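Each chain is listed here by its residues.
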Amino acid sequence: MSESVDIRLTVNGQAVARRVAARQSLVDFLREELGLTGTRAGCEHGVCGACTLRLDGAIVRACLLFAAQLDGASIETIEGLSRSGEIADLQAAFHQHNALQCGFCTAGILVAAAALLRRGGVPSRAEIRDFLSGNYCRCTGYHAIIDAVEATCRARAGKSAP
Amino acid sequence: MLTPARETRRARWEDVLKAPSFAYLRASSLAQVFDALAEHGEDARILAGGQSLVPALNMRLSEPRLLIDINPIAALTGIERRGGMLRIGALTRHSEVGASPLVARLAPLIHQAIPHIAHPAIRNRGTFGGSLAQADPAAELPACVLALDAVLHLASRRGERAVSARDFFRALYETALAPDEVITAIDVPVAPQGTRSVFVELARRRGDYALVGLAAEAREVGLRLVFFGVGNKPVEAGAASAALAAGITAERIAAAQAALARDLDPPGDLQADGATKLHLARVLLGRAARALMAA
Amino acid sequence: MSERPLSFLDRPNSYIGKSVPRPNAQRLLQGRGVFVDDIRLPRLLHAAFLRSPYAHARIKHIDTAAASRRPGVVRVVTAADLAGLCTPWVGVLTHLKGMKSAPQHPLARDRACWQGEPVAAVAAESRAEAEDALAEIAVEWEELPPLASAEAALAPGARAIHDTLGDNLAFARAVDAGAVDDAFARADAVVAETFTFARHTGVCPEPRSILAEFDPGDRRLTLYCSSQAPHMMKEIVLRHFPLAETDVRVVCRDVGGSYGVKIHVYPDEMAVIALALLLGRPVKFVADRLESFVSDIHAREHRVAARMAVSRTGEILAIAIDDLTGIGPYSTYPRSSAVEGNQIVGLTGSWYRSANYRARLRVAFQTKPPMSQYRAVGHPIACAVTEGLVDLAARAIAMDPAELRRRNLIADEAYPWKSPAGLLFEKLSHQRALERMLELMDYEGLRREQRDLRAKGIHRGIGLASFVEITNPGPAFYGVGGAPISAQDGCSVRLEPGGSVTCAISVTEQGQGTETMVAQIVASVLGVALARVRVVTGDTERTPYGGGTWASRGTGIGGEAALQAAKALRANILDLAGAMLQAAPGDLDIAEGWIVDAETGARRIGLEEVGRAGYFRGDTLPPLTQPELMATRHHQPRDYPFAFTNGVQASWLELDIETGFVRLLKHWVVEDCGRMVSPLLVDEQIRGGVVQGLGAALFEECLYDAAGQLRNGTLADYLVPMAAEMPDIEVAHLETPLAGTELGAKGIGEAGTAGAPAAVMNAINDALAPLGARVSEQPITPARILRALGRL
Ligand SMILES: Cc1cc2nc3c(=O)[nH]c(=O)nc-3n(C[C@H](O)[C@H](O)[C@H](O)COP(=O)(O)OP(=O)(O)OC[C@H]3O[C@@H](n4cnc5c(N)ncnc54)[C@H](O)[C@@H]3O)c2cc1C
Ligand code: FES
Ligand code: FES
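Counting restarts for each chain: residues are numbered from 1 in the order of the written sequence. By the order in which they are written, chains take letters starting at A while ligands take numbers starting at 1. Given that the model is predicted, a residue must reach a pLDDT of at least 70 before its local features are reported, and side-chain atom pairs must reach 80 or more before they are shown or counted; all residues, however, enter totals for whole chains, interfaces and linings. For the side-chain quantities, the full set of heavy atoms in the structure was used; hydrogens and water were omitted.

A. The overall build of chain A, seen in detail. Strands are runs of DSSP state E lasting at least two residues, helices are runs of H or I lasting at least four, and both sets are numbered from the N terminus onward. The helix and strand inventory of chain A stands at six helices and five strands. From first element to last, N terminus to C terminus, chain A shows the α and β order β-β-α-β-β-β-α-α-α-α-α. Here chain A has a C-alpha radius of gyration of 16 Å; the compact-globule value for 162 residues is 15 Å, and the two agree. Based on the C-alpha atoms only, the size of chain A along its principal axes is roughly 50 × 35 × 20 Å. As presented, chain A carries roughly 5200 Å² of accessible surface, and 47% of it is formed by carbon and sulfur atoms. We take the radius of gyration over the C-alpha atoms and set the globule estimate at 2.2 Å times the residue count to the 0.38 power. Methods summary: accessible areas were calculated by the Shrake-Rupley approach with a probe of 1.4 Å, and residue burial reflects only the protein chains presented.

B. Structural context of the domain arrangement of chain C. Residue and element names in this part refer to chain C. These domain boundaries are the output of an automatic or database domain assignment. Along its sequence, chain C is carved into domain 1 (8–33 + 490–632) and domain 2 (440–487 + 637–792). Centre-to-centre, using C-alpha coordinates, domain 1 lies 37 Å away from domain 2. Only heavy atoms enter the contact rule, under which two residues are in contact if any of them lie within 4.5 Å. Opposite the 31 residues of domain 1 that make contact, domain 2 presents 29 residues. In the sections that follow, a salt bridge refers to a side-chain nitrogen of Lys or Arg positioned within 4 Å of a carboxyl oxygen of Asp or Glu. Linking domain 1 with domain 2 are one salt bridge.

C. Up close: the site of ligand 1. Taken together, 34 residues are adjacent to ligand 1, and B:Arg45, B:Ile46, B:Gly50, B:Thr127 and B:Glu140 come closest. We call a residue near a molecule or strand when any one of its heavy atoms sits within 4 Å of it. Proximal residues around ligand 1 fall on chains A and B, making this an inter-chain site. Take B:Ile46: an N or O atom from its main chain is 2.6 Å from an oxygen atom of ligand 1. Identification of polar contacts relies on pairs of N or O atoms within 3.5 Å, with a donor-acceptor requirement for protein atoms, meaning one able to donate a hydrogen and the other able to accept it, and with residues adjacent in sequence counted only if both atoms are side-chain atoms. Contact between ligand 1 and B:Asp208: an oxygen atom at 3.4 Å from a main-chain N or O atom of the residue. Contact with the protein chains covers 96% of the free accessible surface of ligand 1, which is 950 Å².

D. Quick peek at the interface of chain A and chain C. On the side of chain C, 55 residues touch chain A, which itself brings 43 residues to the contact. Interface of chain A and chain C: buried area, both sides summed, is about 4100 Å²; carbon and sulfur atoms make up 54% of it. Connecting chain A to chain C are eight salt bridges. The salt bridge partner of A:Arg125 is C:Asp728, with a shortest N-O separation of 2.8 Å. Seen at the junction of chain A and chain C, the total is 30 residue pairs in polar contact (both at pLDDT 80 or more). The quantity reported as buried area is the accessible area (1.4 Å probe) lost by two parts once they are put together, taken as the sum for both.

E. Spotlight on helix α1 (residues 26–33) of chain A. All names here are of chain A. Here α1 lies mainly inside the structure; six of its eight residues are buried. For the exposure calls, accessible area comes from a 1.4 Å probe over protein chains only, and a residue counts as buried if that area is under 20% of its type's maximum, exposed if over 50%, partly exposed in between. Those residues of α1 not exposed but buried are Leu26, Val27, Asp28, Phe29, Leu30 and Arg31. Of the residues flanking the end of α1, it is glycine 35, one or two places downstream, whose phi is positive at about 70 degrees.

F. Quick peek at the packing of helix α15 (residues 514–526) of chain C against helix α16 (residues 554–581) of chain C. Residues and elements named next belong to chain C. Only C-alpha atoms enter the line fits that serve as axes; for helices the fit covers just the stretch in contact. Angles between N-to-C directions range over 0 to 180 degrees. Interhelical geometry of α15 versus α16 gives an angle of 30 degrees and a closest axis separation of 9 Å. With respect to α16, the element α15 is oriented roughly parallel. The handedness of the crossing between α15 and α16 comes out as right-handed. On α16, the residues that touch Met517, Val518, Ile521, Val522, Val525 and Leu526 of α15 are Gly554, Thr555, Gly559, Ala562, Leu563, Ala566, Lys567, Leu569, Arg570 and Ile573. The labels follow the angle: roughly parallel below 35 degrees, roughly antiparallel above 145, roughly perpendicular from 65 to 115, and oblique for the rest. Left-handed describes a crossing in which the near helix is turned anticlockwise from the far one by less than a right angle; the clockwise case is right-handed.

G. Main features of the interface of chain C and chain B. Of the residues lining the interface, 49 residues belong to chain C; the matching set on chain B comes to 32 residues. Carbon and sulfur atoms make up 56% of the area that chain C and chain B hide from each other, which totals about 3500 Å². If you sort the residues of chain C by the area they bury against chain B, C:Leu290, C:Phe661 and C:Arg711 come out on top, with a joint share of 16%. Applying the counting criterion to the chain C and chain B interface returns five salt bridges.

H. Seen up close, the pattern of salt bridges. Residues and elements named next belong to chain C. Counted according to the given criterion, the structure contains 87 salt bridges over all chains. Between arginine 127 and glutamate 131 there is a salt bridge, with its nearest N and O atoms 2.8 Å apart. Here arginine 127 pairs with glutamate 131, and both are found in helix α4 (residues 127–134), just four residues apart, close to one helical turn. Here arginine 159 and aspartate 163 are joined by a salt bridge, their closest N and O atoms 3.2 Å apart.

I. Fine view of the pairing of strand β10 (residues 220–225) of chain C. Most of β10(C) is tucked away, with five of its six residues classed as buried. Where strand β9 (residues 209–215) of chain C folds back on β10(C), the antiparallel hairpin that results is connected by four residues, among which C:Arg219 adopts a positive phi of roughly 55 degrees. Whether two strands pair depends on DSSP finding at least two bridges between them.

J. The arrangement of unusual backbone geometry in detail. In this structure, the amide linkage connecting C:Tyr333 to the following residue, C:Pro334, adopts the cis form with an omega of -5 degrees. Within the element layout of this structure, C:Pro334 appears in the loop between β14 (316–326) and α10 (339–347). Omega for the bond connecting C:Gln778 with C:Pro779 falls within 30 degrees of zero, at 0 degrees, which places this linkage in the cis form. Structurally, C:Pro779 can be placed in the loop between β29 (777–778) and α20 (782–788). Positive phi, normally seen in glycine, also occurs at B:Arg60, with a value near 55 degrees. Relative to the assigned elements, B:Arg60 resides in the loop between α2 (53–58) and β3 (66–69).

K. Local environment of α16(C). In a regular helix each residue adds 1.5 Å, so 28 residues correspond to 40 Å; α16(C) covers 38 Å between its end C-alpha atoms and thus fits that length. C:Gln582 lies just past α16(C) and shows a positive phi near 50 degrees. Take the number of residues in a helix, subtract one, and multiply by 1.5 Å to get its expected span.

L. Quick peek at the sheet that holds strand β7 (residues 159–164) of chain B. Residues and elements named next belong to chain B. Spatially, β4-β5-β10-β6-β7 is the arrangement adopted by the five strands of the open sheet, whose pairing is antiparallel. Each having just a single partner strand, β4 (79–82) and β7 make up the two edges of the open sheet. Put simply, the sheet's adjacent strands are angled 25 degrees from each other on average, direction ignored. As judged from the four bridges shared by β4 and strand β5 (residues 85–89), these two strands associate in the antiparallel manner. Looking at β5, one finds that isoleucine 79 is bridged to isoleucine 88. This element, helix α1 (residues 30–40), spans β6 (151–156) and β10 (182–189) of the sheet and lies at about 125 degrees to β10.

M. Molecular detail of the domain arrangement of chain A. Residue and element names in this part refer to chain A. As assigned here, chain A comprises domain 1 (4–81) and domain 2 (85–157). The interface of domain 1 with domain 2 comprises 17 residues on the first partner and 17 residues on the second. Of the roughly 1300 Å² buried between domain 1 and domain 2, counting both surfaces, carbon and sulfur atoms make up 59%. Per-residue buried area on domain 1 facing domain 2 is highest for Arg54, Ile78 and Leu81; these three make up 41% of the total on that side. In this assembly, domain 1 and domain 2 are joined by one salt bridge. For arginine 54, the salt bridge is made with glutamate 86, and the minimal N-O distance between the two is 2.7 Å. The tally of links from domain 1 across to domain 2 stands at six residue pairs in polar contact (both at pLDDT 80 or more).

See below:
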């Protein structure tokens, strides 16, 4: 029980050990301590979705977790998902459809959409909108984002079809 | 509303979003939690999913000295059938509850309610017990457990006790939970054959807390109607349900809607005044009743 | 399409009009954008602000001693500490006659005039420590009566918020054109409505951010800021801080949304600059989401009483409006807070033929956060008022609303046209746009569907809204009023030794695709592949001078500068190639990175050979040949004060008459922004704008209590539009190129926001009409609809 905590975790496949202030949020930890600035803090109260990342395989809000909680955890951020190639097709679709403007929301939306893609199948546009309902984008009209996710779902479904 | 106290902070306006300093305890057993709670009392807070607590910490609406992280305690998670009861561990995440076939079959009301809670990333963290402890009057799960007559298991170093949902929710964000207690599990009576459940909610945007919602459960023993977003806690609409006791017909629905004024006196909030809420509650009542009729 | 002679832009391999993905989006897609908060510097300090908890209060005493002693705290300052460092500013434009405002300082001096006004600043080793210290600053306040509403502020006997100004009227304007009284007197029908528009705010995904780095050694200040206008920001710094023109550099890297929010001077940002000077260390301030709600500019807050006179045959005879708006306690610097009202007066009704127009505007000070220009300044209001009246008039004379528009929109052949309020339209296409829209949405089919569904108790509505958008403003917009805001932009284009092109331009990128647009133009003119063009923006030391990106001017003005610079470089390249090849430059051309024979297209030498010869092998060139492989051109709009665009939007929605909930089913936009450089970029600009307009129409509102306290200042309580509630948005284009420039492009950034609220409001009223109800208060919430229906 202390105001600083030792943690060992895996970030994008790499082992990390740090002593952190108990109050440091995961998003600040990634950005300040590890220099992983792809995960962004847009509201720090759980609403905008810009900080969305993967914790032990499930998407979560990095502003609503403390780094101190993550001993033994595995984190994947936009940097890791980009390097692994897992979302290369999704990123390409975003690029083709111009599904981003300023790019501030983009990492969070890609990570969230990747979770939808992992479910398989081709969701309807309404279902895609529903799944991304917690990710704020002020620049695009969401339309192109939905287009890009839909196109990727279709492409993947086509690929895996017998 | 995400956090209740924002409007009450007038005297200072610090506009902060970095949590204050606190000590952190990673609890690996309930005993450890009990000890820490017994020792630190009101200065300690339990951290479950953190989806309500952490925003409040970031805004410094709450400044505990110690956070007791119960996430590592495996005993608090899981969903299983125990005789006539469905037991849901307090730490079970909303997403697990939503995906559970057991819940879908044995507690369909809860199954219907889960997709209305926030968004996927938040449902992956937020917990069943956390929602009940938070006791937000516009939240879905407190209304469900009340409608289902669920029993909450509370434990502390002093021992364990079972509290019915009816006794658990007391006032705005106030519950029967003592400062040294933990919710460990929730027992939901299994829905008997022929049960009909309807969950309806109006929220301005997908995933927002409800403007008004209704958890309705029709069992042989009677009809339970629990509204949320209309008071300082989930509200059981006894008069309305009595009006439908003899069976649901179009005339009785109208009578029940009229009777609702005796059950509810909703305070206004940011989205709507009390009159609007009462009106919307009546609309939901009509829709739920017709759905029950059709089911 | 265009009747002008073929130019480089029309060549077969031109990128103009092609939808090419943005090259600079790749790094954003990998999380590699660099926003201000991503910049790390040695010795960095973090700032946090103590803000006024009251809408209006005297500061009797501030004690910072305890806060200063906190661990990690380097300095706590109040107004007194910064007095000698930063001079105050007054946000007036001299050409807005009679406009007034009071001097503003980085930190409130003896009085705070809005809840959220910065009062003290802490610089500490981390933001968390700075926040810790805020709690230790003791302020003794004496609450003063707030003046929250514009009505109250202008009521007879109301106390002036600033004694020196005498009253709370910041600006007023009146227009009376034609014979308005006469027109109303002879009208067959007169419709009237009071429209209200809530105060709302920009909610940039990346909050306002600034990092000020001051090097005490050479007294150089480098500002990294999230801004649309770096050169303006530099000019502001020079006006108010004791620094030399040579010693200030402003850098804007990635900007996470701005929409007008990040183009104003904010007291907290000025305080950060002052802190950096004071401490000789870099200081960073990233507004958090909560303080953004009370410190970013707000927008709108208008109440417009409006009337329209119409004849039985569907002629709009006259329009009269009276607009009252509240702008907070200070007019915002340097663009002022009077432009929105001014534009409403100018724009309302201007796309219809009627010559009879009367308008009155009153702009009031009040104790709420300052309000100023936010995306589509004034347009959504002018449009909703005008189009709302048109629909009311159509109903009054029982005419189809599309038909009434058809009969009154300015004819496509009637240009140039001058509106009653004095706006000059060079060439617009309202009639064609309307016809295109009716076909695109299948207006008749939708009307049938609507009738059929109504019979089944399903209430759907169709709303149309024609509009104009102001783009490409000339110097008469701000410069003439004394603001250090450039209406011109410059572009430098340079051939590199390897045959690629580097282009530096003063318009900026916030994700619109500015850099891509510039690269498309430059690549097309120079005959190189898009990937061979690198575009540099957002740095006062590395780009030519210019206004930046705002008021939908990036493509119209910056694009033209890029075109002319590229043409000049092209001529220089051909001169040099001609010298190298002993050919007449006129016989040569550039294509796909090669100097080719203009006639046959045969490849002669690669551009890299020209580059190498120019830079390294001057010895091989004929005597007196001086290669000039860089060219700079500027462009400034001259012929017209603005380039107007036009279009029409339509909304199709379903109303739940029991709950008052609205479900948006579909939205259409037909838009004419002149020549389109990239339809891909244009489409999503429009859609993003539409969604901001839909937010305003249905969700967004800063809710204040009587004490002037913001009640919903969190992102959970202030409702921004999210994906699940937004419709698919179909966009179609007309292209009426702008005269007076070779590119012929107008702007596009604000059209979506301008027309969307009107279309939705009209659609809701269309659904409500058979029930005898209507709404005129935005946002149109379920509660407001239910009240209109008499269900409450
Ligand atoms: C953007 C956003 C939208 C949301 N929308 C909704 C919504 O629509 N509906 C809804 O219901 N919720 C919503 N939530 C809240 C979410 O459901 C939370 O998960 C839930 O309210 C609290 O659960 P938690 O596990 O996160 O609890 P925590 O945040 O960890 O804790 C909440 C409180 O409960 C206490 N506590 C937690 N667990 C226990 C326990 N086992 N025993 C004793 N005390 C305990 C904590 O000490 C704390 O006081 C939203 C949250 C966000 C961020
Ligand atoms: S920063 Fe985490 S949700 Fe906004
Ligand atoms: S691209 Fe700017 S917020 Fe989404």
